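# Descriptive structure summary
Each chain, letter by letter, is given below.
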Amino acid sequence: MTATSKRRFIIRLTVLIILAVLVLSAGWQLLQDGQSEKVEAGDIAPDFQLTDMQTGEEFKLSDKKGKGVLINFWATYCEPCKQEMPVFEKASHTYENKDVILAAVSADNSTLSIQRFQERYNLSFPIMQDNGQVMEAYGVDALPATFFVKSDGTISRTVHGPLETERLEDYLDEIVP
């Protein structure tokens, strides 16, 4: 190998290394930008406004200050979600006189699927359809996910994944004003 060919090889290798570092750096940045931070206990609950599919009324979280709010992110295709909904329905009646509101935010794209699910499980608490923005604001990356919001708007507890339904009453008691 001549001195000139060695120099070309070193220059080409250096350029390749620099390009590889730039590509890896850009990829890492994209991954970091695509991940939203999870909202955890002690954080202020991100405000949102969605339409209750049953009543057509706007549900705005900041309007619920002074009340405890359970926010459940779910979907009709989620098996643990199907098991939780009847328990949430019962709890919504038990806690309505205690100033606690249960609200479910669906990740489904199909309004019809959500309406059929709501009818099948005879759900009377607010059910809303998300376009992904609310889930992103809360850092939800898997379903179900449940957030317990105290009357001052702070999160008292989060449950990522299926909820231990036998603990639901204890968790709801934490957010009773």
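Quantities reported herein were computed from a predicted structural model and do not represent experimental measurements. (Residues numbered from 1 in each chain as written. Predicted model: local features only at pLDDT ≥ 70, side-chain atom pairs only at ≥ 80, totals over all residues. Heavy atoms only, no water.)

## Re the sheet that holds strand β5 (residues 127-129)
Think of a sheet as strands paired side by side through backbone hydrogen bonds, with each pair either parallel or antiparallel. Going by this rule: We treat two strands as partners when DSSP finds at least two bridges between them. Put simply, DSSP H or I for four residues or longer makes a helix, DSSP E for two residues or longer makes a strand, and each gets a number counted from the N terminus. Only the stretch in contact is used when fitting a helix axis, every axis being a line fitted to C-alpha atoms; angles between N-to-C directions are given from 0 to 180 degrees.
The 5 strands lie next to each other as β5-β4-β3-β6-β7, forming an open sheet whose pairing is mixed. Each edge of the open sheet carries a strand with a single partner, namely β5 and β7 (155-160). This sheet shows a mean twist of 20° between the axes of neighbouring strands, independent of strand direction. In the sheet, strand β3 (residues 68-74) pairs with strand β6 (residues 145-149) via 5 bridges, with the strands oriented antiparallel. Across the sheet, the residue bridging to L70 is F148, located in β6.

## Focus: the nonpolar core
Selection rule: By nonpolar core is meant a set of buried Ala, Val, Leu, Ile, Met, Phe, Trp, Tyr and Cys residues that side-chain atoms within 4.5 Å join together. Residue exposure (1.4 Å probe, protein chains only): buried if accessible area is under 20% of the type maximum, exposed if over 50%, otherwise partly exposed. Contact criterion: two residues are considered in contact whenever any of their non-hydrogen atoms come within 4.5 Å of each other.
By size, the foremost hydrophobic cluster in this structure holds 26 residues, and its most contacted members are F148 and L172. Looking at this core, the elements with two or more residues in it are β3, α2 (79-95), β4 (100-106), α3 (111-120) and α5 (168-175). The element contributing the most residues to this core is α2, with 5 residues. Those residues within four positions of F148 in sequence are excluded, and the remaining contacts are V69, L70, T154, I155, S156, R157, V159, L163, L168, Y171, L172 and I175.

## Some thoughts on the state of the cysteines
As a reminder of what qualifies: The rule for a disulfide is simple: a pair of cysteine sulfur atoms within 2.5 Å.
Inspection of the entire model under this criterion finds 1 disulfide. Between the sulfur atoms of C78 and its disulfide partner C81 the distance amounts to 2.3 Å. Taking the torsion about the S-S bond as the criterion, the C78 to C81 disulfide, at about 75°, is right-handed. For the pair C78 and C81, one class covers both residues: buried.

## A closer look at the side chain of T158
Secondary-structure assignment places T158 in strand β7. Taking the relative accessible area as the measure of exposure, T158 reaches 17% and is therefore buried. Apart from the residues within four sequence positions on either side, T158 is in contact with V39, E40, A41, T146 and F147.

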